[in-house]
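Letter by letter, the chains look like this.
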Protein chains: 2
Amino acid sequence: MSASTTPSTGAAAPRAVVLLSGGLDSATVLAMARASGRQCHALSVDYGQRHRCELEAAARVATRLGACEHRVITLDYGQLGGSALTDPAIAVPDTPGTGIPVTYVPARNTVMLALALGFAEVVEADEIHIGVNAVDYSGYPDCRPAFVAAFERLAALATRAGVEGHPVRIVAPLIDLSKAEIIRRGSALGVDYGATVSCYAPDAAARACGVCDACRLRRDGFAAGGIVDPTVYQARD
Amino acid sequence: MSASTTPSTGAAAPRAVVLLSGGLDSATVLAMARASGRQCHALSVDYGQRHRCELEAAARVATRLGACEHRVITLDYGQLGGSALTDPAIAVPDTPGTGIPVTYVPARNTVMLALALGFAEVVEADEIHIGVNAVDYSGYPDCRPAFVAAFERLAALATRAGVEGHPVRIVAPLIDLSKAEIIRRGSALGVDYGATVSCYAPDAAARACGVCDACRLRRDGFAAGGIVDPTVYQARD
């Protein structure tokens, strides 16, 4: 499940764990972390996403953006049910809704950050980078700045490093950015967004549906950012 | 991976998620939660423990103590390495040490509570019960009251229920108890500790080694509590 990518250079570089979903946001986060000189340990969680192409995208992105390693932890999160993203019995909506969407995965970012915290302890990283965004995902409770700050406080109490006076920082560089701003930053850093997958309902060839919440946000972001959208969309009637 | 045990009675009973490891502490927690009238959704995490007998013990305990269901989530935590409990390359010590023990699993309780939080959202439980203990496990940062309190603050910000004004409480009823006190409470509630497994290094017949940290704490606890120890130990020279 572990795949080395570019070998580490510069042993003294500070280390970060970067949560990598295969989507646009986390690819941008990895590019930003690499640009800041960090040695990046990419972590993806196979939590029963409906679509394997997301994890394949994460592996591509880790390689292209120079992560020193990419690990995939398997978690059969679908056992818990409750989300359209892991439960086939719940349909992914193709029109915008209000409130917390059915694509919300229960406690998803809490679980992701907890696993990243364990990984950070093992590789002795002093930062965890995560692509949460409070602008476009305001319906998700675990994408808000207060959540990220609370996790950082928890981490300081939860770990060996914290006890020894070296708490892990939680870095969420996209939290206040619009999708257009995220895309502009990543494009300036050379991110190939054609290698990423955002769609909640891609087809077998990994082509995006173009109508789910994630596709709408992504498409509008490229348009607003004035960047050519490399996404391959499914033909629709 | 899910196994129903005793069917629920009293639909109006408040619900709790109870983290169940198969050990003495969490069995006691389940017995206490049941005695308080809660409908208990037991959750075990198969995180690559060396010994399957722990999960078998968890299933036995869930059934005997009347959990309304018992789910096991698989997480290949051993991918991260770093602990004697998941990494076969690290030996389990058979003499007491100082500081944080090698049997510490990185961010273990953070991960367990995060998964329990997701489960609590799905089954609409308003409490998570966990058998952390600050007396006997003082070397583990994530067994301290401050950690539990920080997780509860995080949970209030992390979830749909929290956003809607119904945050989950984290209940750690053993946190200030000695092992002897835990055993006395559980015995009074009818817990059969012979069905539980604490040992870090049991043999193929699930017999306890008698010398690891967990065995020492358990054996001393029965002695100090004046309760007959039902544990089957391996014969040693």
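Structural notes, computed from the coordinates.

Quick notes on the rules
Residues numbered from 1 in each chain as written. Chains lettered and ligands numbered in written order. Predicted model: local features only at pLDDT ≥ 70, side-chain atom pairs only at ≥ 80, totals over all residues. Heavy atoms only, no water. Core = buried A, V, L, I, M, F, W, Y, C linked by side-chain atoms within 4.5 Å. Buried < 20%, exposed > 50% of the residue type's maximum accessible area, 1.4 Å probe, protein only. Contact = heavy atoms within 4.5 Å. Buried area = accessible area lost by both parts, 1.4 Å probe. Polar contact = N/O pair within 3.5 Å; in protein donor to acceptor, adjacent residues only side chain to side chain. Helix = DSSP H or I, 4+ residues; strand = E, 2+ residues; numbered from the N terminus. Nonpolar A, V, L, I, M, F, W, Y, C, P; charged D, E, K, R; others polar. Expected span 1.5 Å × (residues − 1). Salt bridge = Lys/Arg side-chain N within 4 Å of Asp/Glu carboxyl O. Pairing = 2+ DSSP bridges. Right-handed = clockwise from strand over helix to strand, strands pointing away. Least-squares fit on C-alpha atoms with pLDDT ≥ 70 in both. Phe/Tyr/Trp six-rings, centres within 6.5 Å; stacked < 30°, edge-to-face > 60°. Lys NZ or Arg CZ within 6 Å of the ring centre and 35° of its normal. Axes fitted to C-alpha atoms, helices over the stretch in contact; angles between N-to-C directions. Parallel < 35°, antiparallel > 145°, perpendicular 65-115°, else oblique. Left-handed = near helix turned anticlockwise from the far one by under 90°.

One broad rule of soluble globular proteins: the nonpolar side chains tend to lie buried together. In this structure, A:Ile128 and B:Ile128 are the most contacted members of the largest nonpolar core, which totals 91 residues. Residues in contact with B:Ile128, not counting those within four places in the same chain, are B:Val17, B:Leu19, B:Leu113, B:Ala116, B:Leu117, B:Ala120, B:Val168, B:Arg169, B:Ile170 and B:Val171.

Quick look at the interface of chain B and chain A now. Taken together, the contact pairs 40 residues of chain B with 40 residues of chain A. Across the chain B/chain A interface, buried area totals approximately 3500 Å², and carbon plus sulfur atoms make up 67% of it. Linking chain B with chain A are six residue pairs in polar contact (both at pLDDT 80 or more), by the criterion used here. The set of elements that each furnish at least two residues to the side of chain B that touches chain A consists of β4 (69-74), α3 (108-123), α4 (145-158) and α5 (160-163) of chain B. Looking at the side of chain B that touches chain A, the element that brings in the most residues is α3(B), giving nine residues. Taken together, the residues of the side of chain B that touches chain A break down into 26 nonpolar, eight polar and six charged.

This part takes up the environment of A:Gly221. All names here are of chain A. Relative to the helices and strands, Gly 221 resides in helix α7 (residues 213-225). Linking Gly 221 and Pro 167, residues 54 residues apart in sequence, is a C-alpha distance of 35 Å. Those residues in contact with Gly 221 that sit more than four places away from it in its chain are Lys 179, Ala 180 and Ile 183.

All names here are of chain B. Between its first and last C-alpha, helix α7 (residues 213-225) extends 18 Å over 13 residues, near the 18 Å set by a 1.5 Å rise per residue. The elements touched by buried residues of α7 are α1 (24-35) and α6 (179-188). After α7 finishes, the residue Gly 226 shows a positive phi value of roughly 70°.

Okay, the pattern of salt bridges next. Residues and elements named next belong to chain B. What the rule picks out here adds up to 20 salt bridges over all chains. With its nearest N and O atoms 3.5 Å apart, the salt bridge here joins Arg 169 to Asp 126. Of this pair, Arg 169 sits in strand β6 (residues 169-171) while Asp 126 sits in the loop between α3 and β5 (127-129), placing them 43 residues apart in sequence. A residue is classified by how much of its surface remains accessible, and Arg 169, at 37% relative accessible area, is partly exposed. A relative accessible area of 29% places Asp 126 in the partly exposed class. Of the charged contacts in the structure, one is a salt bridge between Asp 213 and Arg 216, with a shortest N-O distance of 2.1 Å.

Turning next to the pairing of strand β2 (residues 15-19) of chain B. Residue and element names in this part refer to chain B. Across the five residues that make up β2, a large majority, four, are buried. Sheet topology places β2 next to strand β3 (residues 39-46); five bridges connect them, and they run parallel. Note that in β3 the partner of Val 18 across the bridge is Ala 42. A crossover links β2 with its parallel partner β3, the connecting element being α1, and its sense is right-handed. Relative to β5, β2 runs parallel, the two being bridged by three bridges. When the sheet's bridge partners are listed, Val 18 is paired in β5 with His 129.

Looking now at the relation of the copies chain B and chain A. When chain B is brought onto chain A, the operation consists of a screw motion whose angular component is 180° and whose axial shift is 0.0 Å, with 0.0 Å RMSD remaining. As the rotation angle and translation indicate, the two copies are arranged about a two-fold axis. Residues of chain B ranked by C-alpha distance from the rotation axis are headed by B:Leu75, positioned 2.2 Å from it. A shared interface surface links the copies, since 100% of the contact residues of chain B are contact residues in chain A too.

Here the focus is the pairing of β4(B). Residues and elements named next belong to chain B. Summarising burial for β4: five of the six residues are buried, a large majority. Pairing geometry for β3 and β4, over six bridges, is parallel. Paired with Asp 46 across the strands is Thr 74, a residue of β4.

This part is about the packing of aromatic side chains. Two measures describe an aromatic ring pair: the distance that separates the ring centres and the angle between the ring planes. Residues and elements named next belong to chain B. One pass over the structure, following the stated rule, counts two aromatic pairs over all chains. Note on Tyr 193 and Phe 222: the rings are 5.8 Å apart at their centroids and 80° apart in plane angle, and the pair reads as edge-to-face. Placement of the pair is Tyr 193 in the loop between α6 and α7 and Phe 222 in helix α7, with a sequence separation of 29 residues. Each member of the pair, Tyr 193 as well as Phe 222, is classed as buried. Arg 219 extends its terminal NZ or CZ atom over the ring of Tyr 233, reaching a point 4.0 Å from the ring centre.

With that out of the way, let us pick up unusual backbone geometry. All names here are of chain B. Backbone geometry places Ala 107, a non-glycine residue, at a positive phi of 55°. For Ala 107, a relative accessible area of 0% translates into the label buried. A positive phi angle, near 65°, is found at Ala 206, a position not held by glycine. Ala 206 gets classed as partly exposed once you look at its relative accessible area, which sits at 36%.

Right, let's get into the packing of helix α1 (residues 24-35) of chain A against helix α6 (residues 179-188) of chain A. All names here are of chain A. Where α1 contacts α6, the axes come no closer than 9 Å and their chain directions differ by 45°. The pairing of α1 with α6 is recorded here as oblique in orientation. Crossing angle aside, the handedness with which α1 passes α6 is left-handed. On the side of α1, the interface is formed by Leu 24, Asp 25, Thr 28 and Met 32, while α6 contributes Lys 179, Ile 182, Ile 183, Arg 185 and Gly 186. The residue inventory of the contact of α1 with α6, partitioned by class, reads four nonpolar, two polar and three charged.

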